Amino acid sequence: QMVKIPTDMAFDQASLLACGVITGYGAVANTAKLKAGQTAAVVGCGGVGLNAIQGAAISGAGMIVAIDVADSKLEAAKKFGATDTINVAHENAAEKIMALTDGHGVDIVLVTVGAKQAFDHAFSYITKNGAVIIVGMPPTGVFASYDPGTMAAWNQKVLGSKMGEAVISKDIPELTTAWREGRLKLAELITGRYPLDRIDEAIEGVTRGEALRNVIVFD
């Protein structure tokens, strides 16, 4: 579980590769195997969700719909490659996705939050032969509901994705290459940098939803 990184890559940026980046990017590239021209929706625009959006953009998605309850995170999603945004606090996501896709739905939905409602609604966003990718981790005992008849008739799928199914000897070099070529944003993911004695403050910022990623740095 060790892999070389470029010597000119800053440690604060490199640290992101080992969790949020490979989880979000890998869910797209490894689990969904999204192809150029396909459409995707990403539910949740935190650190993992933004990297799923980046992964979709790098894979050549024709449309990337970002879904969240915070306008600030939806604005961030645009910077990471989202073509459209939906604030589910004010809009009906299923209706808007159907309007954006001429009534078909998207090929891939990536749920990067651990909320039951997000899992339940995701199935109403996908098209025939589409797939819901479960990335977020809900509390133990949370169950989602879906219509098995529709899924069977339309060849739809549900796939779990743990850490983006990453093989770091393959994925980390691919990601560092994308970073060097300017196709992968890393510095832009970091909201704040904190010394170890301010770790509680860093965690609180994430808990309040104010940060994309806070990083603990050591001199």
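Refer to the structure printed above.
Read on for a plain summary of the structure. Everything quoted here is computed from the prediction, not taken from an experiment.

A look at helix α3 (residues 71–79)
Spacing of three or four residues puts side chains on the same side of an α-helix, whose turn is 3.6 residues.
Consideration 1: If you check which residues of α3 are buried, you get Lys73, Leu74, Ala76 and Ala77. All buried residues of α3 project into a common sector of 155° when viewed along the axis, lining one side. Among the exposed residues of α3, those pointing more than 90 degrees away from its buried face are Ser72 and Lys79.
Consideration 2: If you follow the buried residues of α3, they end up packed against α2 (47–58), β2 (63–68) and β3 (84–87).
Consideration 3: Of the residues trailing α3, Gly81 is marked for its positive phi of about 125°.

Description of the packing of helix α1 (residues 11–32) against helix α7 (residues 168–180)
Consideration 1: The interhelical angle for the contact between α1 and α7, taken along N-to-C directions, is 105°, at an axis separation of 10 Å. Between α1 and α7, the crossing angle belongs to the class labelled roughly perpendicular. Judged by residue contacts, Gln13, Leu17, Val21, Ile22, Tyr25 and Asn30 of α1 engage Lys170, Asp171, Ile172, Glu174, Leu175, Thr176 and Trp179 from α7.

Quick look at unusual backbone geometry
Consideration 1: A positive phi angle, close to 50°, is found at Lys33, a residue other than glycine.
Consideration 2: Relative to the helices and strands, Lys33 resides in the loop between α1 and β1 (39–43).
Consideration 3: One non-glycine residue, Asn129, lies in the positive phi region at around 65°.
Consideration 4: Among the structural elements, Asn129 can be located in strand β5 (residues 126–134).

Considering the side chain of Thr31
Consideration 1: Mapped onto the elements, Thr31 comes out in helix α1.
Consideration 2: Of the residues examined, Thr31 reaches a relative accessible area of 7% and is grouped as buried.
Consideration 3: Within the structure, Thr31 has its side chain in polar contact with the side chain of Ser161 (distance 2.8 Å).

Considerations on the layout of surface pockets
Consideration 1: Considered as a void within the structure, the largest pocket measures approximately 430 Å³ in volume.
Consideration 2: Lining the largest pocket we find 24 residues, and of these Val43, Ile67, Val69, Val88 and Ala118 sit closest to its centre.
Consideration 3: Those elements that place two or more of their residues in the lining of the largest pocket are α2, β2, α4 (93–100) and α5 (116–122).
Consideration 4: For the lining of the largest pocket, the element with the highest residue contribution is α5, accounting for three residues.
Consideration 5: For the lining of the largest pocket, the residue count by class is 12 nonpolar, nine polar and three charged.

Parameters and conventions
Residues numbered from 1 in each chain as written. Predicted model: local features only at pLDDT ≥ 70, side-chain atom pairs only at ≥ 80, totals over all residues. Heavy atoms only, no water. Buried < 20%, exposed > 50% of the residue type's maximum accessible area, 1.4 Å probe, protein only. Helix = DSSP H or I, 4+ residues; strand = E, 2+ residues; numbered from the N terminus. Arc of directions from axis to C-beta. Contact = heavy atoms within 4.5 Å. Axes fitted to C-alpha atoms, helices over the stretch in contact; angles between N-to-C directions. Parallel < 35°, antiparallel > 145°, perpendicular 65-115°, else oblique. Polar contact = N/O pair within 3.5 Å; in protein donor to acceptor, adjacent residues only side chain to side chain. 1 Å grid on protein atoms, 1.4 Å probe; cavity = no way out; pocket = protein on both sides within 12 Å on 5 of 7 lines; lining within 4 Å. Points joined across faces, edges and corners; volume = space filled by probe spheres on them. Nonpolar A, V, L, I, M, F, W, Y, C, P; charged D, E, K, R; others polar.

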